[in-house]
Protein chains: 2
Amino acid sequence: MDAENQARLQARARVLKAMAHPSRLYLVELLSNQEQCVAELTKAVGADISTVSKHLSLLKAVGIVEDRKQGTQVFYRLKAPCVLNFFSCVEEVLKNNLQEQIKLVK
Amino acid sequence: MDAENQARLQARARVLKAMAHPSRLYLVELLSNQEQCVAELTKAVGADISTVSKHLSLLKAVGIVEDRKQGTQVFYRLKAPCVLNFFSCVEEVLKNNLQEQIKLVK
DNA sequence: TGCTTATTTGGCAATATAACCAAATAGGCG
DNA sequence: CGCCTATTTGGTTATATTGCCAAATAAGCA
């Protein structure tokens with residue numbers, strides 16, 4: 001694999017990696033309906049606010065979400081709603097692979 | 001976030017995480033046209049064969065690829081071609097976020 | 001300005017991932 | 001069987017990710 005291909009795939013991997021975490025997937029879901037501030041998102045996710053803030057920063061860095069400051073609050077919203085399309089495929093994969101998925105959990 | 005939601009999102013994250021690596025993305029691309037054996041895939045990726053074998057095992061464990069034994073060779077093929085649909089969205093995200101992507105590389 | 005609330009950043013410890021090498025396994029064939 | 005080829009597995013080390021706490025920053029308001 002040459003350097004150019006490597007760079008291309010690394011960029012793609014970065015975006016997918018940003019999605020590949022339970023809390024971040026949840027954040028994307030939460031933002032699919034409406035923009036929300038960090039405090040609200042933190043309550044929903046149930047982790048430390050600093051943790052949620054870092055998850056949001058990562059999603060923002062790769063371009064999946066964007067933010068808007070309003071007073072002391074920061075509202076995040078989905079910038080790339082096309083990522084929601086991933087879910088139907090992911091669910092299909094999970095459905096077709098139930099037995100293996102169960103092994104992975106054990 | 002309750003336990004059920006956590007489990008649901010963890011399963012989804014597992015599938016996305018399996019995709020979120022340059023070599024594995026490349027493997028998926030290589031298999032999008034035709035099934036190939038481990039040796040061929042290894043040559044294309046340019047890593048140690050044991051490394052490639054492990055990447056393939058991971059893709060298989062989550063249900064993205066499947067394999068078929070023929071003599072001493074193992075041929076892998078795409079089991080969930082719908083993952084190819086991810087790429088157009090990922091490219092869109094990358095295009096819309098060029099400046100940030102460049103920062104990430106630096 | 002000083003205080004309060006909201007969020008981000010820095011730092012650390014725990015865990016997970018990745019790559020290689022070496023060794024094990026599996027199938028075909030003399 | 002013994003050997004060869006293809007692939008997987010085990011083990012180790014290096015690197016990356018995660019989550020929390022504490023501290024820093026930012027904005028509004030008395």
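The structure displayed is predicted, hence computed values, not measured ones. (Residues numbered from 1 in each chain as written. Chains lettered and ligands numbered in written order. Predicted model: local features only at pLDDT ≥ 70, side-chain atom pairs only at ≥ 80, totals over all residues. Heavy atoms only, no water.)

Novice: Just to check I follow, could you spell out the protein's contact with DNA strand D for this structure?
Specialist: Taken together, the neighbourhood of DNA strand D is formed by 22 residues, with H55 of chain A together with A39, S53, K54 and Y76 of chain B sitting nearest. Within the side chain of H21 of chain A, an N or O atom sits 3.4 Å from a phosphate oxygen of DNA strand D. Separating a base nitrogen of DNA strand D from a side-chain N or O atom of S50 of chain A is a distance of 2.8 Å. Of all the secondary-structure elements, those providing two or more residues to the surface near DNA strand D are helix 4 (49–62) of chain A together with helix 3 (38–45), helix 4 (49–61) and strand 3 (73–78) of chain B. (Near = heavy atom within 4 Å. Polar contact = N/O pair within 3.5 Å; in protein donor to acceptor, adjacent residues only side chain to side chain. Helix = DSSP H or I, 4+ residues; strand = E, 2+ residues; numbered from the N terminus.)

Novice: Looking at this structure, I do not really get helix 4 of chain B. What am I missing?
Specialist: Side chains three or four residues apart in an α-helix point the same way, a direct result of the helix having 3.6 residues per turn. When the terminal C-alpha atoms of helix 4 of chain B are compared, their 18 Å separation across 13 residues agrees well with the 18 Å that a helix rising 1.5 Å per residue should span. Residues of helix 4 of chain B that are buried: V52, H55, L56, L59 and A61 of chain B. In this structure, the buried side of helix 4 of chain B is in contact with helix 6 (98–105) of chain A together with helix 1 (3–19), helix 2 (22–33), helix 3, strand 2 (65–70) and strand 3 of chain B. Positive phi appears at G63 of chain B, one or two residues downstream of helix 4 of chain B, with a value of about 95°. (Expected span 1.5 Å × (residues − 1). Buried < 20%, exposed > 50% of the residue type's maximum accessible area, 1.4 Å probe, protein only. Contact = heavy atoms within 4.5 Å.)

Novice: Is there a simple way to think about the protein's contact with DNA strand C in this case?
Specialist: For DNA strand C, the set of nearby residues contains 22 residues, the closest of which are A39, S53, K54 and Y76 of chain A together with H55 of chain B. Backbone atoms, meaning sugar and phosphate, form 62% of the atoms of DNA strand C found within 4 Å of the protein. K54 of chain A is positioned such that a nitrogen or oxygen atom in its side chain is 2.5 Å from a base oxygen of DNA strand C. Contact distances for DNA strand C include 2.8 Å between a base nitrogen and a side-chain N or O atom of S50 of chain B. Elements represented by at least two residues in the surface near DNA strand C include exactly helix 3 (38–45), helix 4 and strand 3 (73–78) of chain A together with helix 4 of chain B. Each residue belonging to the surface near DNA strand C can be placed in one class, and the counts come to seven nonpolar, 10 polar and five charged. (Nonpolar A, V, L, I, M, F, W, Y, C, P; charged D, E, K, R; others polar.)

Novice: What is the right way to look at the interface of chain A and chain B in this model?
Specialist: A common way to report how large an interface is uses the accessible area buried once the components associate. Listed by partner, the interface residues are 45 residues for chain A and 45 residues for chain B. Its largest share of buried area at the contact with chain B, chain A owes to M1, R12 and L16 of chain A, together 16% of the area lost on that side. Scanning the region where chain A abuts chain B turns up six salt bridges. Where E29 of chain A meets R12 of chain B, a salt bridge forms, and the shortest distance between an N and an O atom there is 3.0 Å. For the pair chain A and chain B, the interface holds 16 residue pairs in polar contact (both at pLDDT 80 or more). Residue contributions to the side of chain A that touches chain B peak at 13 residues, all from helix 1 (residues 3–19) of chain A. (Buried area = accessible area lost by both parts, 1.4 Å probe. Salt bridge = Lys/Arg side-chain N within 4 Å of Asp/Glu carboxyl O.)

Novice: Looking at this structure, I do not really get the pattern of salt bridges. What am I missing?
Specialist: Any two side chains of opposite charge can pair, given that their charged atoms come close. Residue and element names in this part refer to chain A. Inspection of the entire model under this criterion finds 14 salt bridges over all chains. Note that R68 is salt-bridged to E35, the shortest N-O span being 2.3 Å. Placement of R68 in strand 2 (residues 65–70) and of E35 in the loop between helix 2 (22–33) and strand 1 (36–37) is noted, with a sequence separation of 33 residues between them. You can call E35 partly exposed: its relative accessible area is 27%. The residue D67 makes a salt bridge to K60 at a minimum N-O spacing of 3.1 Å.

Novice: Would you mind going over the relation of the copies chain A and chain B with me for this structure?
Specialist: Both copies of the chain are tied together by a single rotation about an axis and a shift running along it. Here chain A sits on chain B after a turn of 180° about the axis and a move of 0.0 Å along it, with an RMSD of 0.0 Å. The superposition operator between the copies reduces to a two-fold rotation axis. Most of the interface of chain A is mirrored in chain B: 100% of its interface residues are interface residues there too. (Least-squares fit on C-alpha atoms with pLDDT ≥ 70 in both.)

Novice: Help me understand the sheet that holds strand 1 (residues 36–37) of chain B, please; the structure alone is not making it clear to me.
Specialist: The strands making up a sheet associate through hydrogen bonds between their backbones, and the pairing can be parallel or antiparallel. Residues and elements named next belong to chain B. The strand order 1-3-2 describes an open sheet built from three strands, whose pairing is antiparallel. Sheet topology places strand 1 and strand 2 at the edges, where each strand pairs with a single neighbour. Sheet topology note: the strand 2/strand 3 ladder contains six bridges and is antiparallel. By the bridge assignment for strand 3, K69 is matched with V74. (Pairing = 2+ DSSP bridges.)

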